[in-house]
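Residue-level listing of the chains:
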Amino acid sequence: MNFDAYARTAIDLVNAGLDDLAGLRALFSGEQAYMRDHVTEKDLALFRRAQRRLREVFEFGTSGRDGEAVRELNGLLEAYPVQPRISGHDASDWHMHVTSRGATVSAEYLAGAVWGLSVWLCEYGSARFGICADERCGNVYLDTSSNNCRRFCSERCATRSHVAAHRARKRAAENLTPA
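Residues numbered from 1 in each chain as written. Predicted model: local features only at pLDDT ≥ 70, side-chain atom pairs only at ≥ 80, totals over all residues. Heavy atoms only, no water.

Scanning the chain for helices and strands turns up 6 helices and 4 strands. Secondary structure elements of the chain occur, N-terminal to C-terminal, as α-α-α-α-β-β-α-β-β-α. Taken along its principal axes, the extent of the C-alpha atoms in the chain is 75 × 35 × 30 Å. Of the contacts made within the chain by residues no fewer than 6 positions apart, 49% connect residues no fewer than 24 positions apart. Looking at the chain as shown, the accessible area adds up to about 10,600 Å², and 50% of this sits on carbon and sulfur atoms. (Helix = DSSP H or I, 4+ residues; strand = E, 2+ residues; numbered from the N terminus. Contact = heavy atoms within 4.5 Å. Areas by Shrake-Rupley, 256 points an atom, 1.4 Å probe, with all protein chains shown as cover.)

With that out of the way, let us pick up the pattern of salt bridges. With the rule as written, the count across this model stands at 5 salt bridges. Arg128 is the salt-bridge partner of Asp143, the closest N and O atoms lying 3.8 Å from each other. Separated by 15 residues along the polypeptide, Asp143 in the loop between strand 4 (140-142) and helix 6 (155-176) and Arg128 in the loop between helix 5 (105-124) and strand 3 (129-131) bring together distant segments of the chain. Of the two residues, Asp143 and Arg128, neither departs from the other in class, the shared state being buried. A salt bridge links Arg160 to Asp134, with the shortest nitrogen-to-oxygen separation between them at 2.8 Å. Of this pair, Arg160 sits in helix 6 while Asp134 sits in the loop between strand 3 and strand 4, and the two are 26 residues apart along the sequence. Through salt bridges with shared partners, one network takes in Asp134, Arg136 and Arg160. (Salt bridge = Lys/Arg side-chain N within 4 Å of Asp/Glu carboxyl O. Buried < 20%, exposed > 50% of the residue type's maximum accessible area, 1.4 Å probe, protein only.)

Attention now goes to the packing of aromatic side chains. Using the criterion set out here, one finds 5 aromatic pairs in the structure. Between Phe28 and Tyr109, the ring centres sit 5.5 Å apart and the planes meet at 85°, which makes this aromatic pair edge-to-face. Within this pair, whereas Phe28 is found in the loop between helix 2 (21-26) and helix 3 (41-62), its partner Tyr109 is found in helix 5, the two being separated by 81 residues in sequence. For Phe28, a relative accessible area of 0% corresponds to the buried category. Look at Tyr109 and you get buried, because its relative accessible area is 1%. (Phe/Tyr/Trp six-rings, centres within 6.5 Å; stacked < 30°, edge-to-face > 60°.)

Moving on: the nonpolar core. Of all hydrophobic cores here, the largest spans 35 residues; its most connected members are Leu13, Leu24, Phe47, Tyr109 and Leu117. Elements with a minimum of two residues in this core: helix 1 (3-15), helix 2, helix 3, helix 4 (66-79), helix 5 and strand 4. Ranked by residues supplied to this core, first place goes to helix 5 with 8 residues. Judged by nonpolar contacts, the second largest core, of 6 residues, contains Cys132, Phe152, Cys157 and Ala158. (Core = buried A, V, L, I, M, F, W, Y, C linked by side-chain atoms within 4.5 Å.)

As a further point, take a nonpolar patch on the surface. A cluster of nonpolar side chains, namely Ile86, Trp94 and Met96, defines an oily patch on the protein surface of about 340 Å² accessible area. The residue Met96 is located in strand 2 (residues 95-97) in this model. Judged by relative accessible area, which is 32%, Met96 ranks as partly exposed. (Patch = residues over 30% accessible without salt bridge, like charges linked within 9 Å, V, L, I, M, F, W, Y side chains within 5 Å.)

Okay, the packing of helix 4 against helix 5 next. Viewed as axis vectors pointing N to C, helix 4 and helix 5 meet at an angle of 150°, and their least axial separation amounts to 10 Å. The angle between the axes of helix 4 and helix 5 places the two elements in the roughly antiparallel class. When the axes of helix 4 and helix 5 are compared, the crossing they make is left-handed. Together, Ala69, Val70, Leu73, Leu76 and Leu77 of helix 4 and Val114, Trp115, Leu117, Ser118 and Leu121 of helix 5 make up the contact between the two elements. Here the residues of the contact of helix 4 with helix 5 are counted per class, giving 9 nonpolar, 1 polar and no charged. (Axes fitted to C-alpha atoms, helices over the stretch in contact; angles between N-to-C directions. Parallel < 35°, antiparallel > 145°, perpendicular 65-115°, else oblique. Left-handed = near helix turned anticlockwise from the far one by under 90°. Nonpolar A, V, L, I, M, F, W, Y, C, P; charged D, E, K, R; others polar.)

Structural data, given as structure tokens:
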């Protein structure tokens, strides 16, 4: 199982715009595109609740509250249990699924997301959970840097924040210079 891919589904969910069913459907891409047509309004409510709870995990992790992050993840694991099964179409295609056959889209997606994030926490610690330092953003990310120094969710946010800081310093210096 690719636990990093499952952890990334948690990131995608927390960062998703779930204002409506179209926003939820936009969450499903790549290997999960088949789920897009099976989500309902009922799923939207479940995904919103899970999104809030997963964001709390990141908030706990980034503030050094590991015990609270673990408690919340354990609660999510109970709410969205993993029921692994082998699936495939022939002997060269065997792979693992995290839910039983016939599981709902929300059960399958959320079980994988919570499982992946839980494995990530056990492997790397919640100090690797991040919330973008660009105050206009707020997206979450997993810090995969070699020295745990990442502060932004993307290069775009890092550049935007650094340019804004540079301009602010420049304005401040200009205001100090007598005319």
